[in-house]
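# Results of the structural survey
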Amino acid sequence: MWKAAAEPLKNQASFWRGEDADRLVDAYERSVLPAGHPPVNTPDIDAEAEVARLQEELDTEHTRRKTLAAEPLDLATRN
């Protein structure tokens, strides 16, 4: 039942571009939730801190892989 209520919202071009988010949230709360869709919970994370943590992990792994990739080259140039 809630799928029929959500279909018009899904078909709006602004839905895909992230524009008019407040209007879409209002429409969701007005039509989709009452039609039986389970409530959507937002994650309890600090997005900026998570981005920084993931970037640090990525940089660390990249450095490790560069070091590993350079080892064969170093061995080859010694001989």
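Not measured: the values here are computed from a predicted model.

Cut-offs and rules
- Residues numbered from 1 in each chain as written.
- Predicted model: local features only at pLDDT ≥ 70, side-chain atom pairs only at ≥ 80, totals over all residues.
- Heavy atoms only, no water.
- Helix = DSSP H or I, 4+ residues; strand = E, 2+ residues; numbered from the N terminus.
- Buried < 20%, exposed > 50% of the residue type's maximum accessible area, 1.4 Å probe, protein only.
- Areas by Shrake-Rupley, 256 points an atom, 1.4 Å probe, with all protein chains shown as cover.
- Core = buried A, V, L, I, M, F, W, Y, C linked by side-chain atoms within 4.5 Å.
- Salt bridge = Lys/Arg side-chain N within 4 Å of Asp/Glu carboxyl O.
- Expected span 1.5 Å × (residues − 1).
- Bend = angle between axes of the 7 residues up to and from the residue.
- pLDDT = per-residue confidence, 0-100.
- Arc of directions from axis to C-beta.

Helix and strand counts for the protein come out as four helices and zero strands. Mapped in sequence order, the helices and strands of the protein form the string α-α-α-α. Residues classed as buried in the protein amount to 13% of the 79 residues present. About 6900 Å² of surface is accessible on the protein, with carbon and sulfur atoms providing 58% of the total.

Judged by nonpolar contacts, Ala 5, Ala 6, Leu 9, Leu 24, Ala 27, Tyr 28, Val 32 and Ala 35 together constitute the single largest core of eight residues. Secondary structure elements with two or more residues in this core: α1 (2-10) and α3 (21-32). At four residues, α3 tops the list of elements feeding residues into this core.

A separate point is the pattern of salt bridges. One pass over the full model with this rule turns up four salt bridges. Across the pair Arg 64 and Glu 61 runs a salt bridge, and its minimum N-O distance is 2.5 Å. Residue Arg 64 and its partner Glu 61 are both found in helix α4 (residues 47-78); the two are separated by three residues, about one turn of the helix. By relative accessible area, Arg 64 is classed as partly exposed at 43%. A relative accessible area of 25% means that Glu 61 is categorised as partly exposed.

Here we come to α4. The end-to-end C-alpha separation of α4 is 47 Å, in line with the 46 Å expected for 32 residues at 1.5 Å each. Considering bend angle alone, the principal kink of α4 is centred on Glu 71 and spans about 25°; proline Pro 72 follows within four residues of it.

Attention now goes to the confidence of the model for the protein. Taken as a whole, the protein shows an average pLDDT of 81; of its residues, 86% reach a score of 70 or greater. Of all secondary-structure elements in the protein, the lowest mean pLDDT belongs to helix α2 (residues 13-17), at 56, while α4 reaches the highest, 90.

Here the focus is α1. Turning to α1, its buried residues are Ala 5, Ala 6 and Leu 9. Taken around the axis of α1, the buried residues stretch over an arc of 90°, which confines them to a single face. Away from the buried face of α1 by more than 90 degrees, exposed residues Lys 3 and Ala 4 are located.

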